[in-house]
Amino acid sequence: FGKSVSKMFSGLEFYVVNGPSEFSKADIEREIAAHVGSLAQSPTDQTFCVLADRLVARVRSVISMSCYDVVLASWLRACLDAKKLLPFLPGHMLHSLQATAEKFAQEFDEFGDNFTEHITDEQLQATFQTIPEKGADVSVSQEEILEIEQRYLG
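The model shown is predicted, which means the values in this text are computed figures rather than measured ones.

Attention now moves to the pattern of salt bridges. All chains considered together, the criterion is met by three salt bridges. For Lys25, the salt bridge goes to Glu29, with nearest N and O atoms at 4.0 Å. Residue Lys25 and its partner Glu29 are both found in helix α1 (residues 25-34); the two are separated by four residues, about one turn of the helix. For Lys25, a relative accessible area of 32% puts it in the partly exposed group. When the shortest N-O distance is used, the salt bridge between Glu147 and Arg151 registers 2.9 Å. In this pair, Glu147 and Arg151 both sit in helix α6 (residues 142-153), four residues apart, roughly one turn of the helix. Of the residues examined, Glu147 reaches a relative accessible area of 43% and is grouped as partly exposed.

Here is the structure:
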């Protein structure tokens, strides 16, 4: 697959099902190999995670086994951008093993917002997009909005 760039994925085996059009399965596999990860043509008991971008039949089959975390290719892209192995986040998952889901339940709220880490404006906006419009008919006066803004935004 080419020259080694780092050992970021050393000791980790990945099963890649598919990727988005701009980051194809071949691209993903090339990046994993360049960072000393190993590739499997089907998941094994050594598989760290399954990478996919779309819920095709093969992904559904893997999910039905409930033996693997199934992670969006965006997680791998985030690792490459950060130049380090990043933990999975709820937004990266197509399917989580029970242990992973339990870890998420301890660290994140129902919308994927971390209880202890600061987030960027972009991450906050993404979190807001996942929150359904409960109580959308609640009215707030301009005075209440100003009071809230002054209290929390200075």
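Looking now at the environment of Pro87. If you trace the backbone, Pro87 turns up in the loop between α3 (73-82) and β5 (93-95). When its relative accessible area of 52% is taken as the criterion, Pro87 is described as exposed. Taking C-alpha positions, Pro87 is 8.7 Å from Trp75, a pair spaced 12 residues apart along the chain. When residues no more than four places from it in sequence are discounted, the contact partners of Pro87 are Trp75 and His92.

Here the focus is a nonpolar patch on the surface. On the surface, Val140, Ile145, Ile148, Tyr152 and Leu153 cluster together into a nonpolar patch covering about 530 Å² of accessible area. If you trace the backbone, Leu153 turns up in helix α6.

Rules behind the numbers
- Residues numbered from 1 in each chain as written.
- Predicted model: local features only at pLDDT ≥ 70, side-chain atom pairs only at ≥ 80, totals over all residues.
- Heavy atoms only, no water.
- Salt bridge = Lys/Arg side-chain N within 4 Å of Asp/Glu carboxyl O.
- Helix = DSSP H or I, 4+ residues; strand = E, 2+ residues; numbered from the N terminus.
- Buried < 20%, exposed > 50% of the residue type's maximum accessible area, 1.4 Å probe, protein only.
- Contact = heavy atoms within 4.5 Å.
- Patch = residues over 30% accessible without salt bridge, like charges linked within 9 Å, V, L, I, M, F, W, Y side chains within 5 Å.
- Areas by Shrake-Rupley, 256 points an atom, 1.4 Å probe, with all protein chains shown as cover.

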